[in-house]
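Single-letter residue listing:
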Amino acid sequence: MAEFNPIIIAFVCNWCTYTAADLAGTSRIGYPENVRLIRVMCTGMVDPQYIIKAFLEGADMVLVSGCHPGDCHYINGNYKARRRIKLLHAILPTIGIERDRLKLTWIGASDGIQFARTMQELVVQAKGMGPGSGRPEIMT
Amino acid sequence: MGIQRSLNIENEDILTGIQGFLTAILASQDIDAMLVPKRTSAGHSIMPVLISHPRELNGVDPISPQFPLNAARQVSKLTKKPSGKKIAVLLRPCEIRALIELVKLKQGDLSSLLLISIDCPGAYSNKEWASQCATQDMPDAAEFIEHRLSGRDLPIAKACDACEWPVAALADIQIGFFGMDYRKQLLVLFQTAKGEMLADEMALESVQVPEHRSRQLNEYISNRRSAKAQMFENVRKKTNSLTNLEVYFEACVNCYNCRVACPVCYCRECVFNTDVFDHDSYQYLVWARRNGSIKLPCDTLFFHLTRLVHMSLSCVGCGQCTNACPNDIPVSDLFRMVGEDTQAAFDYEAGFDPDQALPLSEFKENEFLDVAGV
């Protein structure tokens, strides 16, 4: 049986985590291709609907990552994101999507190495958890 | 605490007694109009009616087991902009709690309102009410209360059976039958400063709240709590995976009646009515090809999960979503359960403290630190 390759959808903010990903790239630090980055201007604009949609479409893990508390380019977008993730953590386990499948991290613009390490760690965890329950049977 | 009076009932006719009391309230200088649940002319339904003349109070019926809609939404219409008038509203406890949520959402205002409530004996679903009306005489108010208090097996809606809030703590005036010899006398509690101002205008006798009241209430509430625990246990099993959730909602036809009936579904325009979900024709074919097939209408679970995210924090468990479902999906069982989880996560209780901010309307730097992390 082929090795399980999880799909991780990562909503990353333009100012911190995306910049960190960029830094990882320009520094030629690799990170697993399981992670699909979606750049947003701020974690505060990540509507919980985006996260639900990702799970329903078969994401095995969803990451929302932005600036450290106090560093948000828009002052408080990351605090709003934190409350929304908190809300989703209270809902998703009830319908069989484990809490650990939805992650929130703070990765600053200069944390290229930290970014790559975090992505590696998430892939290890996602593999450990196995396929998410929304994963469709992909027809080829 | 508050002013306690008694309302004498003649000929065991509770509704006429209540009507007399409401007439006195409407006669007060301070009240311009009154929103009450009133029997329609044919008598088959009980709808909220805005009344400015006391003769129209004939047919007021806040006790019969029909609860066709949560009137908080109607009160919101009456108060979202200042009218300069004072309105008394007679609501069930869950309607008052929904109204409190709407006020926090700036879709209503309490300052022009006098909130009146009655101990709530629960209600039937609309369908049950209609089928019972068609085949038999419905119990009168006193009989219905008696049946509820004696624990007799009645086709009460599941949301009401599992509701542990039969009394409205925030009502300015609470009319009570728990612990009373209700065929002869009801309790009237003027619970707030606004309520107390009216107490003297009403020609009612002072009375002590009987000790029996809290005993009977506690017993009633504890029965409701066990029903709730049972309901949650059942629904938890039926919705514990996306596959099971799909089965739970398999009869859903995306009519969105649950959203319309929900008193706290607050968006002015629902995202599911916008272009976001007006997919390209080609898109459906892409989805069908990717998975081999796609059920239409699609986005069913997406809709219900979105609603959970949007309104579960304000869910008061009134059960109107289930009531409105044309295909008898027990929507409110799930929403009430998830609502309890989400509200607990933020140490929030929908519909109780008007000064407690909605969880998603405020945020702080140092909070919920355990949410972030790998």
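So, here is what we can say about the structure in this document. (Residues numbered from 1 in each chain as written. Chains lettered and ligands numbered in written order. Predicted model: local features only at pLDDT ≥ 70, side-chain atom pairs only at ≥ 80, totals over all residues. Heavy atoms only, no water.)

Describing the packing of aromatic side chains
All names here are of chain B. By the definition in use, this model includes 18 aromatic pairs over all chains. Their ring planes at 85° and their centres at 5.4 Å tell us that Phe346 and Phe368 sit as a pair that is edge-to-face. Of the two residues, Phe346 is situated in the segment after helix 14 (331-345) and Phe368 in the segment after helix 14; the sequence distance between them amounts to 22 residues. Ring-pair connections join several aromatic residues into one group, and the members of that group are Tyr256, Phe272, Phe277, Phe302 and Phe303. Against the face of Phe67 rests Arg92, its NZ or CZ located 4.9 Å from the ring centre. Over the ring of Tyr220 we find Arg224, and its NZ or CZ is 4.6 Å from the ring centre. (Phe/Tyr/Trp six-rings, centres within 6.5 Å; stacked < 30°, edge-to-face > 60°. Helix = DSSP H or I, 4+ residues; strand = E, 2+ residues; numbered from the N terminus. Lys NZ or Arg CZ within 6 Å of the ring centre and 35° of its normal.)

With respect to the state of the cysteines
Under the definition given, this model contains 1 disulfide over all chains. You can see Cys13 of chain A has no disulfide; the closest cysteine sulfur is in Cys67 of chain A, sitting 3.6 Å from it. The thiol of Cys262 of chain B is unpaired, and the distance to the nearest cysteine sulfur, on Cys265 of chain B, comes to 4.7 Å. (Disulfide = S-S within 2.5 Å.)

Things to note about the sheet that holds strand 5 (residues 113-118) of chain B
All names here are of chain B. Strand order across the open sheet formed by 8 strands is 3-2-4-5-6-7-1-8, with mixed pairing between neighbours. Bordering the open sheet on either side are strand 3 (46-51) and strand 8 (205-206), each of which pairs with just one other strand. For strand 1 (residues 3-8) and strand 7 (residues 185-190), the ladder comprises 6 bridges, and the chain directions are antiparallel. In the strand pairing of strand 7, Arg5 is matched with Val188. Where helix 1 (residues 14-27) meets the sheet, it contacts strand 1, strand 2 (33-39), strand 3, strand 4 (87-91), strand 5, strand 6 (173-176) and strand 7, and its direction lies at approximately 165° from that of strand 2. (Pairing = 2+ DSSP bridges. Contact = heavy atoms within 4.5 Å. Axes fitted to C-alpha atoms, helices over the stretch in contact; angles between N-to-C directions.)

A few points about helix 2 (residues 72-79) of chain B
All names here are of chain B. Residues Ala72, Val75, Ser76 and Thr79 constitute the buried set of helix 2. For helix 2, the angular spread of the buried residues around the axis is 105°, confining them to a single face. Close packing links the buried residues of helix 2 with strand 2, strand 4, helix 3 (93-104) and strand 5. (Buried < 20%, exposed > 50% of the residue type's maximum accessible area, 1.4 Å probe, protein only. Arc of directions from axis to C-beta.)

Considering the interface of chain B and chain A
Across the contact, 44 residues belong to chain B and 40 residues belong to chain A. Between chain B and chain A lies a buried interface of about 3500 Å² when both sides are counted; carbon and sulfur atoms form 67% of it. Among the residues of chain B in contact with chain A, Leu242, Val371 and Val374 of chain B are the three that bury the most area, contributing 20% of the side total. The tally of links between chain B and chain A comes to 3 salt bridges. (Buried area = accessible area lost by both parts, 1.4 Å probe. Salt bridge = Lys/Arg side-chain N within 4 Å of Asp/Glu carboxyl O.)

Some remarks on the environment of Arg36 of chain A
Tracing the backbone through its elements, the reader meets Arg36 of chain A in strand 2 (residues 35-40). Every residue in contact with Arg36 of chain A, bar those within four places of it in the chain, is listed here: Ile7, Ile8, Ile9 and Ala10 of chain A.

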